[in-house]
Amino acid sequence: MANTGGVTVDGGDMMRYSEYTPKTNMRSDAEIDRRLGGTLIAVGLGVAAAGFAGRYAFQLWKPLGQVFSQTVRKMPTSAFSSYYKGGFEQKMSKREASLVLGISPVSTKAKVREAHRRIMVLNHPDKGGSPYLAAKINEAKDLLEKETRR
């Protein structure tokens, strides 16, 4: 018998010729596009599902949203500010003096002088600063230096 298109192997089994395809890791552009398209569709469906779930949750718990928004409106805006709200006291206290200079009430004289110098450079009346603020800064320095003996 003639073997056309086949090769016999040790056991006499018939093997057919197959086209040689090199085993490379390079994928065709069409395969990459298919995988990328599938991934984008899956991500889009996930985002849409999260959006619909959020919308449903807000509709379901609308009273909770109203309570939350009322609570936020009631909160003072000064609670989130890093600045001290309020004016100066009649007689400056040690606490107020330390707030003016931005240092601890128990700081050393060197720290008081350094903080005073730093703030006065920024607020000096000759450079456009307020004379009232300059007077308060000087008063704070005098008060803290008087009470600090170091």
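This structure is a prediction, so every number in the text was calculated from the model and none was measured.

Peer 1: Tell me about the UniProt feature "transmembrane region" (unreviewed entry) in the protein chain, and name the residues and values.
Peer 2: Those places that UniProt annotates as "transmembrane region" (unreviewed entry) correspond, in this numbering, to residues 36–58. For residues 36–58, the helix share is 100%, the strand share is 0%, and the end-to-end C-alpha distance is 33 Å.

Peer 1: Requested: an account of helix H5 (residues 131–147), with residues and values cited.
Peer 2: Across its 17 residues, H5 extends 24 Å between first and last C-alpha, which sits within 8% of the 24 Å expected from 1.5 Å per residue. Its buried side turned inward, H5 meets helix H3 (94–101) and helix H4 (109–123). You can read the cap of H5 off the contacts: a side-chain oxygen lies 3.2 Å from the backbone nitrogen of Tyr132, and it is on Ser130.

Peer 1: Report on the side chain of Ser98, specifying residues and quantitative values.
Peer 2: Assignment of secondary structure puts Ser98 in helix H3. Here Ser98 is in contact with Ile103, Ser104, Pro105 and Leu144, once residues within four sequence places are set aside.

Peer 1: Outline the packing of H4 against H5, listing residues and values.
Peer 2: Contact geometry of H4 with H5 gives a least axis separation of 10 Å together with a crossing angle of 175 degrees. By the angle between their directions, the pair H4 and H5 is classed as roughly antiparallel. For the pair H4 and H5, contact is made by Lys109, Val112, Arg113, His116, Ile119, Met120 and Asn123 and by Ala134, Ile137, Asn138, Lys141, Leu144 and Glu145, respectively. Of the residues contributing to the contact of H4 with H5, the split by class is 6 nonpolar, 3 polar and 4 charged.

Peer 1: Lay out the side chain of Glu96 in plain terms, naming residues and giving numbers.
Peer 2: Topologically, Glu96 is positioned in helix H3. Of the side chains with opposite charge, Lys136 comes closest to the buried, unpaired Glu96, at an N-O distance of 5.7 Å.

Calculation rules
Residues numbered from 1 in each chain as written. Predicted model: local features only at pLDDT ≥ 70, side-chain atom pairs only at ≥ 80, totals over all residues. Heavy atoms only, no water. UniProt positions renumbered as here; feature names shortened; annotations may be inferred. Helix = DSSP H or I, 4+ residues; strand = E, 2+ residues; numbered from the N terminus. Expected span 1.5 Å × (residues − 1). Contact = heavy atoms within 4.5 Å. Polar contact = N/O pair within 3.5 Å; in protein donor to acceptor, adjacent residues only side chain to side chain. Axes fitted to C-alpha atoms, helices over the stretch in contact; angles between N-to-C directions. Parallel < 35°, antiparallel > 145°, perpendicular 65-115°, else oblique. Nonpolar A, V, L, I, M, F, W, Y, C, P; charged D, E, K, R; others polar. Buried < 20%, exposed > 50% of the residue type's maximum accessible area, 1.4 Å probe, protein only. Lys, Arg positive; Asp, Glu negative; His and termini not counted. Salt bridge = Lys/Arg side-chain N within 4 Å of Asp/Glu carboxyl O.

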